[in-house]
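Observations on the model geometry
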Amino acid sequence: MLLEWWSGTECTLYSDRATVDMFGKEHVIIILNHNFEIDFLCGWTMCERYGVLGSSKVLAKHELLKVPLIGWTWYFLEIVFCKRKWEEDRDTVFKGLGRLKDYPEFMWFLLYCEGTRFTEKKHQISMQVAESKGLPKLKYHLLPRTKGFTTTLACLKGTVSAVYDVTLNFKDKKVPTLLGIVSGTKYMADMSIRRFPVEEIPEDEKECATWLHKLYQEKDALQEHYETEGSFPGPTIRPPRRLWSLLNFLFWAGLLLSPLIHFAWGVVISGSPLLIIGFMLFLIVASVAVRRLIGVTEVKKTGSSYGDPEAKKQN
C-alpha cells in the first residue's frame, strides 16, 4: 500500500506478452538483483498484482527471523531461512524446500543469488574472487553464489516449470529507500523479465553453475544498456495497481487503530500529567521501533560479513 498508493511509485515491466501471460499460472524460481533497499518491495507489488503474493516464498538470511513482525510472519509462511554457511544450512534448506514440492497454489520462489546487497566495497572483493577463479568480471552485480540456485532447482525439480530472471533499476538514476517510500517519495521502477523453461537449464551441478554465471553476465549487459539508454530493451507493459491493497490496509488500520485513538483521546481529556507523559513515551518508543525496523533494509546497515576475513575466521 505504501509503495503503490502512498508514494505512488510506478513499476514498468520490460517483457514479451507470452511471458507475462504465464504470471500466476506456474511454479517458478525468481532471480532478482540485490542493489536497492526496496527491491523486495517492488517484487512484492508485482506478486500482488498477479495474485501470488500469498504464495510467494524466498530464501532469506537467518537474521531476518529475529526481526519483529516480519520474521515471525515469514516463519509461519514457510519461508526458507539460511545462515549462508552450507555446512549448517544443508539440512534446514533441504527440509524447507522439501515442504514446498507439493505446494497447492502457484508459487514464486525468490533467490538473491548474490547472497548480499550490492555495495562498492563488496563489489571490489567479489571481483577479486572472480579474477582468482578465472570468471568474467561484472560491473553492476556481485559474483553469484551458485550453491543456493543449484540446490533449489534440484530440490524443486518436477514442481517449478521455469526460472524468471528479473533485473531491476530506477529512472533518472535515483537510489530509492524505504524511508523515502514512507515519506511519500515517488519512484519510477523498471523491471526486465525473461523466462527460461527449466528444460533449458542443465541438470548437472557444475553446468548449472556455469549457466548461472552466464546469466549474470547477461544481467550486467542489461544494466549497461539501462545506464546508457535509460531503459531496458524490449516491449513494455505497465500492470495496473489493484484497489485491494488499499482497501485491505484501510480495513486493518481502522480496526486496529480505533482502540488506540479512543485510548489516546481518553488520556488527553483525563488531564493526568502521569498518563499523558506515559503515553508520549509509548509513542516515542513506537517511533524508534519503526525506524529501527526500516533500518533493517538500509544498505549501509545490512551488517553482512561478506568478504570480511575476520568474520570468516570466527565462523
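Not measured: the values here are computed from a predicted model.

What the chain contains, in helices and strands, is 12 helices and 8 strands. A compact globule built from 315 residues would reach a C-alpha radius of gyration of about 20 Å, and the chain, at 21 Å, matches this within 12%. The dimensions of the chain, computed from C-alpha atoms along their principal axes, are 70 × 50 × 45 Å. For the chain, with 315 residues in total, the buried portion stands at 44%. Within the chain, residue pairs in contact and separated by at least 24 positions form 76% of the contacts whose partners lie at least 6 positions apart. Carbon and sulfur atoms provide 62% of the accessible area of the chain, an area that totals close to 17300 Å².

Here we take up the domain arrangement of the chain. Taken domain by domain, the chain comprises domain 1 (10-237) and domain 2 (243-301). Measuring from the centre of the C-alpha atoms in domain 1 to the corresponding centre in domain 2 gives 33 Å.

In this numbering, the UniProt entry assigns the feature "domain: Phospholipid/glycerol acyltransferase" (unreviewed entry) to residues 28-150. The span residues 28-150 is 41% helical and 15% strand by assignment, and the distance between its end C-alpha atoms comes to 14 Å.

Here we take up the sheet that holds strand β5 (residues 108-111). Ordered by their spatial adjacency, 8 strands build an open sheet running β4-β3-β5-β2-β6-β7-β1-β8, and the pairing between neighbours is mixed. Because the sheet does not close on itself, it has two edges, and the strands there are β4 (80-82) and β8 (236-237). Relative to strand β7 (residues 188-197), strand β1 (residues 10-14) runs parallel, the two sharing 5 bridges. Bridge pairing in β7 places Leu-13 opposite Met-191. Most of the contacts of helix α7 (residues 146-155) go to β5, to which it runs at about 160°, and overall it touches β2 (28-32), β5 and β6 (162-170).

This part takes up the pairing of β6. A large share of β6 lies buried, amounting to 9 of its 9 residues. Burial along β6 is two-sided: Ala-162, Tyr-164, Val-166, Leu-168 and Phe-170 facing one way and Val-163, Asp-165, Thr-167 and Asn-169 facing the other are all buried. Sheet topology places β2 next to β6; 5 bridges connect them, and they run parallel. If you follow Leu-32 over to β6, its bridge partner there is Val-166. Pairing between β6 and β7: 9 bridges, direction antiparallel.

Calculation criteria
Residues numbered from 1 in each chain as written. Predicted model: local features only at pLDDT ≥ 70, side-chain atom pairs only at ≥ 80, totals over all residues. Heavy atoms only, no water. Helix = DSSP H or I, 4+ residues; strand = E, 2+ residues; numbered from the N terminus. Rg over C-alpha atoms; globule rule 2.2 N^0.38 Å. Buried < 20%, exposed > 50% of the residue type's maximum accessible area, 1.4 Å probe, protein only. Contact = heavy atoms within 4.5 Å. Areas by Shrake-Rupley, 256 points an atom, 1.4 Å probe, with all protein chains shown as cover. Domains from an automatic or database assignment. UniProt positions renumbered as here; feature names shortened; annotations may be inferred. Pairing = 2+ DSSP bridges. Axes fitted to C-alpha atoms, helices over the stretch in contact; angles between N-to-C directions.

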